[in-house]
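# Secondary and tertiary structure notes
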Amino acid sequence: MTTTTIRTGADGFVETLRAQSRRYHDQHPFHVRMNAGRLSRRQIRGWVANRFYYQENIPRKDAAILSNCPDLEVRRRWIRRILDHDGTATGEGGIEAWLRLGEAAGLTREEIRDHRHLVPGVRFAVDSYVNFARTRPWVEAVASSLTELFAPDLMAARLAAFERWYPWIAPEALAYFRARLEQAPRDCEHALEVVTAHCLSAESQARAVDALSFKCDVLWGLMDAIDQAYPE
Ligand SMILES: O=C(O)c1cc(C(=O)O)c2c(n1)C(=O)C(=O)c1cc(C(=O)O)[nH]c1-2
């Protein structure tokens, strides 16, 4: 359990959730080097291939939330996330966009999809996120998605960094990040609505903060594993 003291009231709760940004993976040394243009082609490829495992599993995580969620109104909006990633036809959706990013970075679809580059730490981090959504109360799983509050700034910085420092990747291949600039704020607005509506007691608010803290650890652990596998 976190020892964070939450100020009473919805504002204090949201403030405490937002304060978790201090532990977000934008500050991980690998991301700092990425955005400063200091990664080699091999390191970029390693990151893209490993991060694919996260992308692939996000819809399974969201399906786990849906399966645990008894609220029709929430399900109706949450299902959109699965469609964003999976698309509704061949050649569409975020997973496809990530594969195109991989191809532009010099990987084949086959080597991304068959996990030959996937390192154990990334697998464990991602699996633990999916498992969290499967086994914890659905509102906590929703709270764990709130790292997306912090994602748009990182996406914007990443887009600028890729265009400036890694011009060998075609700018069209960055479509995934451009889409997330719109999807992430929409998604986390909904998640924040759900969490503030359901977490009214100090105890439930502390559990939501713990869930978000856990997710920061998932993302940080994932980056540690990539950093270690693709050293400078
Ligand atoms: O590239 C990133 O730094 C980043 C971070 C996050 C995040 O903060 O969890 C997500 C994504 N990307 C992303 O692309 C994505 O679809 C996504 C879904 C979720 C989630 O927890 O439901 N996080 C994220």
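Keep in mind that what you see is a predicted model, and the values were worked out from it rather than measured. (Residues numbered from 1 in each chain as written. Predicted model: local features only at pLDDT ≥ 70, side-chain atom pairs only at ≥ 80, totals over all residues. Heavy atoms only, no water.)

## Section: the overall build of the chain
- Helix and strand content of the chain: 11 helices and zero strands.
- Counting helices and strands in the order they occur from the N terminus, the chain gives α-α-α-α-α-α-α-α-α-α-α.
- Taking 232 residues into account, the globule formula puts the C-alpha radius of gyration at 17 Å, and the chain, at 18 Å, falls close to it.
- Along the three orthogonal principal directions, the C-alpha set of the chain runs to about 50 × 35 × 30 Å.
- With 232 residues in all, the chain has 52% of them scored as buried.
- In the chain, the share of contacts with a sequence separation of at least 24, taken over all contacts with a separation of at least 6, comes to 78%.
- Carbon and sulfur atoms form 51% of the exposed surface of the chain, whose accessible area is close to 10,900 Å².
- If you average the places of the 31 positive and of the 31 negative side-chain charges in the chain, the two averages end up 2 Å apart. (Helix = DSSP H or I, 4+ residues; strand = E, 2+ residues; numbered from the N terminus. Rg over C-alpha atoms; globule rule 2.2 N^0.38 Å. Buried < 20%, exposed > 50% of the residue type's maximum accessible area, 1.4 Å probe, protein only. Contact = heavy atoms within 4.5 Å. Areas by Shrake-Rupley, 256 points an atom, 1.4 Å probe, with all protein chains shown as cover. Lys, Arg positive; Asp, Glu negative; His and termini not counted. Charge placed at Lys NZ, Arg CZ, Asp CG, Glu CD.)

## Observations regarding the UniProt feature "domain: Thiaminase-2/PQQC" (unreviewed entry) in the chain
- In the UniProt entry, the feature "domain: Thiaminase-2/PQQC" (unreviewed entry) is given for residues 21-224.
- End C-alpha atoms of residues 21-224 are separated by 18 Å, and the span's content is 74% helix alongside 0% strand. (UniProt positions renumbered as here; feature names shortened; annotations may be inferred.)

## Here's the deal with the packing of aromatic side chains
- Under the criterion given, the structure shown has 11 aromatic pairs.
- Connected via pairs of aromatic rings, a cluster forms that spans W47, W98, F162, Y166, Y176 and F177.
- Sitting over the ring of W78, R81 keeps its end group 3.6 Å from the ring centre.
- The ring of Y53 carries the charged tip of R123 above its face, separated from the ring centre by 5.6 Å. (Phe/Tyr/Trp six-rings, centres within 6.5 Å; stacked < 30°, edge-to-face > 60°. Lys NZ or Arg CZ within 6 Å of the ring centre and 35° of its normal.)

## A look at the site of the ligand
- The local shell around the ligand holds 20 residues, among which Y24, K61, Y129, Y176 and K215 are the closest.
- A distance of 2.6 Å separates an oxygen atom of the ligand from a polar side-chain atom of Y176.
- Broken down by element, the residue count for the shell around the ligand peaks at five residues, all from helix α3 (residues 41-68).
- For the shell around the ligand, the class distribution of residues is eight nonpolar, five polar and seven charged. (Near = heavy atom within 4 Å. Polar contact = N/O pair within 3.5 Å; in protein donor to acceptor, adjacent residues only side chain to side chain. Nonpolar A, V, L, I, M, F, W, Y, C, P; charged D, E, K, R; others polar.)

## With respect to helix α5 (residues 94-104)
- Counting buried residues along α5, eight of its 11 residues qualify, which places the element largely inside the surrounding structure.
- Among the residues trailing α5, G106 stands out with phi positive, at a value near 105°.

## Things to note about the confidence of the model for the chain
- Looking at the chain as a whole, its pLDDT mean stands at 96, while 97% of the residues score no less than 70.
- Low confidence marks residues 1-5, where pLDDT is under 50. Its contacts with residues over four positions away, or in another chain, come to six contacts.
- Model confidence for the complex is summarised by a pTM of 0.94, with the ipTM given as 0.93. (pLDDT = per-residue confidence, 0-100.)

## Here's the deal with the packing of helix α7 (residues 120-135) against helix α11 (residues 202-229)
- For the pair α7 and α11, interaxial distance at closest approach is 7 Å and the crossing angle is 160°. Between α7 and α11, the angle falls in the class roughly antiparallel. Between α7 and α11 lies a crossing whose hand is left-handed. Judged by residue contacts, G121, V122, A125, V126, S128, Y129 and F132 of α7 engage A211, F214, K215, V218, L222, A225 and I226 from α11. (Axes fitted to C-alpha atoms, helices over the stretch in contact; angles between N-to-C directions. Parallel < 35°, antiparallel > 145°, perpendicular 65-115°, else oblique. Left-handed = near helix turned anticlockwise from the far one by under 90°.)

## A word on the pattern of salt bridges
- In this structure the tally under the stated criterion is 21 salt bridges.
- Across the pair R180 and E148 runs a salt bridge, and its minimum N-O distance is 2.4 Å. Here R180, found in helix α10 (residues 175-198), pairs with E148, found in the loop between α8 (138-144) and α9 (151-165); they are 32 residues apart in sequence, far enough to count as distant.
- Residue R180 is classed as buried on the basis of its relative accessible area, which comes to 5%.
- Classification of E148 as buried rests on a relative accessible area of 13%.
- Several salt bridges share partner residues, and in doing so they unite R80, R81, D84, E148, R180, R186 and D187 into one network. (Salt bridge = Lys/Arg side-chain N within 4 Å of Asp/Glu carboxyl O.)

## Digging into the packing of helix α1 (residues 10-18) against α11
- The N-to-C vectors of α1 and α11 enclose an angle of 15°; their axes lie 10 Å apart at closest approach. The angle between α1 and α11 places the two elements in the roughly parallel class. Viewed along their axes, α1 and α11 form a crossing whose handedness is right-handed. Between α1 and α11, the contacting residues are F13, T16 and L17 on the first element and Q205, A208, V209 and L212 on the second.
- Of the residues belonging to the contact of α1 with α11, the class tally is five nonpolar, two polar and no charged.

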